[in-house]
Amino acid sequence: MSQPKLPAPGPGRSRQTQIFVDGLGGARPLVPVDPGRLEKAVRRKLDAPAYAYLAGGAGTERTMRANLDAFADVKLLPRRLRGSASRDLSVDLFGHSYPAPVLLAPLGVLELAHAQADLAVGRAAASLSVPFVFSSQASEPMEQVASIMGDAPRWFQLYWGTDEEVTRSFVRRAGACGAQAIVLTLDTTLLGWRPRDLDLGNLPFLRGQGLAQYLTDLHFRSRLDSVQLPAATPRPSPALLRTAASLAAHGRKFGLSLGQMRAAAAHFTASYTRPDLQWDDLSRLRGWTDLPILLKGVLHPDDAREAARRGMDGIVVSNHGGRQIDGEVGSLTALPRVVEAAGELPVLLDSGIRSGPDVAKALALGARAVLLGRPYAYGLALAGEAGVTEVIRNVVAEFDLTLGLLGAHSARELGPEFLA
Ligand SMILES: Cc1cc2nc3c(=O)[nH]c(=O)nc-3n(C[C@H](O)[C@H](O)[C@H](O)COP(=O)(O)O)c2cc1C
């Protein structure tokens, strides 16, 4: 008698089995599976300024906590005996199919975590076909990351600066790099008040870090010779010498002199955001690209309605991981009203995704997909490309197991009926 054919185990069971089998020989996962232990391991490994920049948030970090609390407050409600032996994790967005409803959020200055920075993340993302949202503040130029990713999916995150030729150039370059969407970040028209960085007097961009998109941009570079700089200090302190060394090293990488790097840091600081940006400006962005445009940082339902009215293509509910306003609403808390207001527009969510059940909760509340943020940067800090791969695989594995245990057959099926 022939045996019934068993479905493939799925990414959840495969990952779990691999870890347990490796454990028989004494091996442990490369990076901690537990999100809390992952962060603690990174705190031990990185120097204080790097850890502060990655892990820190605005003010007393109430919003960072609110993001996590919001996930803790939502409870899943499983169904039984529904035969969910195999699950379809895939998601369709803007005419593309992705293997799981998980993308990698744009994170600037990844060189703080690891020398390979965006290149390591790009390789990890490509190996799993998980879309990587390139940051405007990346440590490696988008062209280089795109070239090592082959055909794997990538999006581009845009900060709209006052030097509009540079902003427009970023959008054009992103299109040429095969980006499948533009994500315009709206919540950072000013830099948030971040005490951990302030107490260390550390802003990476002033040291030349996180400026790769700018330093490789012809329009940005063309400005450098006309930037007025204060006279150099005659007897610089050791700290100033370290800053100069960092600027010079980045200058060597991008073919710029120390003086040009000083000008670049100054021009960047003066121009990288536009606090006066308004809804009417979006029509110009619409004119620059045919790619889908998502607005990142929407929390108010009226802004979602306005986005739809202005012909935007999607929304990312986000509070920038609690890095901008201390005391603003937790991202998951804001999600249901934004979803309702957004109508047909796909809504994605980030800020607080730490695990597979978090992905399930966001989807059950109406998100089409989520963006994973700090956890993958922590994987990068601990083990480079392999660390990023492990973190993504763990989140997707736990999401797959959660779907199965909920009695769901696909990511698409999740909705309020799976919530208590
Ligand atoms: C170190 C760091 C750098 C970030 N850089 C950017 C950026 O360049 N552009 C952007 O739109 N968001 C940026 N974000 C916000 C993330 O895209 C995302 O919204 C946030 O990390 C989600 O919060 P979580 O990581 O706590 O889940 C950054 C966040 C962190 C932690």
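What this report covers is the structure whose coordinates are included nearby. (Residues numbered from 1 in each chain as written. Predicted model: local features only at pLDDT ≥ 70, side-chain atom pairs only at ≥ 80, totals over all residues. Heavy atoms only, no water.)

Side note on the overall build of the protein
We count it as follows: Secondary structure elements follow DSSP: runs of H or I no shorter than four residues count as helices, runs of E no shorter than two count as strands, and numbering proceeds from the N terminus. Residue exposure (1.4 Å probe, protein chains only): buried if accessible area is under 20% of the type maximum, exposed if over 50%, otherwise partly exposed. Asp and Glu count as negative and Lys and Arg as positive, but His and the ends of the chain are not part of the count. A charged residue contributes its charge at one atom only: NZ of Lys, CZ of Arg, CG of Asp or CD of Glu.
What the protein contains, in helices and strands, is 17 helices and ten strands. Along the longest, intermediate and shortest principal axes, the C-alpha atoms of the protein span 85 × 55 × 40 Å. Counting across all 420 residues of the protein, residues that qualify as buried make up 55%. Charge-centre separation for the protein: the mean point of 46 positive side chains lies 5 Å from the mean point of 42 negative side chains.

Topic: empty space enclosed by the protein
Quick reminder of the rule: Put plainly, a pocket is an open set of points on a 1 Å grid over the protein atoms alone with protein on both sides within 12 Å along at least five of seven lines, a cavity is a set where a 1.4 Å probe fits but cannot get out, and a lining residue has an atom within 4 Å of a point. Grid points are joined across faces, edges and corners, and a volume is the space filled by probe spheres set on the points. Throughout, the ten residues Ala, Val, Leu, Ile, Met, Phe, Trp, Tyr, Cys and Pro are labelled nonpolar, Asp, Glu, Lys and Arg are labelled charged, and all others, Gly among them, are labelled polar.
According to the stated counting rule, one finds two cavities of 30 Å³ or more in the structure shown. Quantified by volume, the largest cavity comes out at close to 470 Å³. Around the largest cavity, the lining is made up of 31 residues, and of these Pro106, Leu107, Gly108, His320 and Arg323 lie nearest the centre. Only helix 3 (48-55), strand 10 (369-372) and helix 17 (374-406) provide two or more residues apiece to the lining of the largest cavity. Here the residues of the lining of the largest cavity sort into 13 nonpolar, twelve polar and six charged. Of the volumes computed, that of the second largest cavity is approximately 70 Å³. Around the second largest cavity sit Tyr159, Gly161, Asp163, Val166, Thr167, Phe170, Tyr214, Phe220, Ser271 and Tyr272, which together line it.

Here we look at the pairing of strand 6 (residues 182-185)
Which entries qualify depends on this criterion: Criterion used throughout: strands pair if DSSP finds at least two bridges between them. When the strands point away from the viewer, a crossover counts as right-handed if the path from the first strand over the helix to the second runs clockwise.
With burial as the criterion, each face of strand 6 is covered, one bearing Ile182 and Leu184 and the other bearing Val183 and Thr185. Here strand 5 (residues 154-158) pairs with strand 6 via three bridges, running parallel. Paired with Leu158 across the strands is Leu184, a residue of strand 6. Note that the unit made of strand 5, helix 7 (residues 164-176) and strand 6 has a crossover that is right-handed. In this sheet, strand 7 (residues 293-298) lies alongside strand 6 in parallel orientation, the contact comprising four bridges. When the sheet's bridge partners are listed, Val183 is paired in strand 7 with Leu294.

Concerning the layout of surface pockets
Its boundaries defined by the atoms lining it, the largest pocket holds a volume of some 450 Å³. Contributing to the lining of the largest pocket are 18 residues, with Leu206, Leu240, Thr243, Leu247 and Arg262 lying nearest its centre. Elements represented by at least two residues in the lining of the largest pocket include exactly helix 11 (238-254) and helix 12 (258-271). Ranked by residue count, the leading element in the lining of the largest pocket is helix 11, at five residues. In terms of residue class, the lining of the largest pocket is built from 13 nonpolar, three polar and two charged.

Brief notes about the pattern of salt bridges
Using the following cut-off: Salt bridges are defined by distance alone: a side-chain nitrogen of Lys or Arg within 4 Å of a carboxyl oxygen of Asp or Glu.
Tallied over the entire structure, the rule returns 21 salt bridges. Among the salt bridges present, the one from Glu140 reaches Lys253, with a minimum N-O distance of 2.6 Å. Of this pair, Glu140 sits in the loop between strand 4 (132-134) and helix 6 (142-148) while Lys253 sits in helix 11, and the two are 113 residues apart along the sequence. Residue classification places Lys253 among the partly exposed positions, given a relative accessible area of 45%. Where Arg284 meets Glu164, a salt bridge forms, and the shortest distance between an N and an O atom there is 2.7 Å. With a gap of 120 residues between them, Arg284 in helix 13 (residues 282-288) and Glu164 in helix 7 connect regions that are remote in the sequence.

Observations regarding the environment of Lys75
Inclusion rule: Every residue pair with non-hydrogen atoms within 4.5 Å of one another is taken to be in contact. We define a polar contact as two N or O atoms separated by no more than 3.5 Å, with the added condition that, inside protein, one atom must be a possible hydrogen donor and the other a possible acceptor, whereas residues neighbouring each other in sequence contribute only through side-chain atom pairs.
Along the polypeptide, Lys75 turns up in the loop between helix 4 (62-73) and strand 1 (91-93). For the pair Lys75 and Pro357, spaced 282 residues apart in sequence, the C-alpha separation works out to 9.5 Å. The contacts of Lys75, once residues within four sequence positions are left out, are Phe418, Leu419 and Ala420. Among the polar contacts made by the side chain of Lys75, one reaches the main-chain carbonyl oxygen of Ala72 at a distance of 2.7 Å.

Some remarks on the packing of helix 16 (residues 356-364) against helix 17
For clarity, the cut-off: Axis definition: a line fit to C-alpha positions, over the contact stretch in the case of helices; interaxial angles, taken between N-to-C directions, run 0 to 180 degrees. Any angle between 65 and 115 degrees counts as roughly perpendicular, while under 35 counts as roughly parallel, over 145 as roughly antiparallel, and the rest as oblique. Crossings are assigned a handedness: left-handed for a near helix turned anticlockwise from the far helix by less than a right angle, right-handed for a clockwise turn.
Contact pair helix 16 / helix 17: the axes reach a minimum separation of 7 Å and the direction vectors enclose 60°. Here helix 16 lies oblique to helix 17, going by the angle between them. In this structure, helix 16 crosses over helix 17, and the sense of that crossing is right-handed. Across the interface between the two elements, Gly356, Pro357, Val359, Ala360 and Leu363 of helix 16 pack against Val395, Glu398, Phe399, Thr402 and Leu406 of helix 17. Across the contact of helix 16 with helix 17, the residue classes tally to seven nonpolar, two polar and one charged.

Section: unusual backbone geometry
Residues other than glycine seldom take positive phi values, yet Phe94 does so here, at roughly 55°. Using a relative accessible area of 25% as the deciding quantity, one classes Phe94 as partly exposed.

What to know about the nonpolar core
To keep things clear, this is the line we draw: Nonpolar core, defined: a set of buried Ala, Val, Leu, Ile, Met, Phe, Trp, Tyr and Cys residues in which side-chain atoms within 4.5 Å join the residues together.
By size, the foremost hydrophobic cluster in this structure holds 114 residues, and its most contacted members are Leu104, Ile315 and Tyr376. Ignoring sequence-local partners within four residues, the contact set of Ile315 consists of Leu294, Leu295, Val298, Ala304, Ala307, Val338, Ala342, Leu345, Pro346, Val347 and Leu348.

A closer look at the site of the ligand
The cut-off we apply is this: Neighbouring residues are identified by heavy atoms, a residue being near a molecule or strand if any of them is within 4 Å of it. Here, Shrake-Rupley sampling with a 1.4 Å probe gives the accessible areas, and only protein chains in the shown set may cover a residue. Placement in a cavity or pocket follows one criterion, namely that more than half of the molecule's atoms lie within 2 Å of its grid points.
In the vicinity of the ligand, 23 residues are found, and the nearest of them are Pro106, Ser135, Thr185, Arg354 and Arg374. At 2.8 Å, a backbone N or O of Pro106 approaches an oxygen atom of the ligand. Within the side chain of Gln157, a nitrogen or oxygen atom sits 3.1 Å from a nitrogen atom of the ligand. In isolation the ligand offers 610 Å² of accessible surface; the protein chains occlude 98% of this area. Judged by its atoms lying within 2 Å of the grid points, the ligand is housed in the largest cavity. Partitioning the shell around the ligand into residue classes produces seven nonpolar, eleven polar and five charged.

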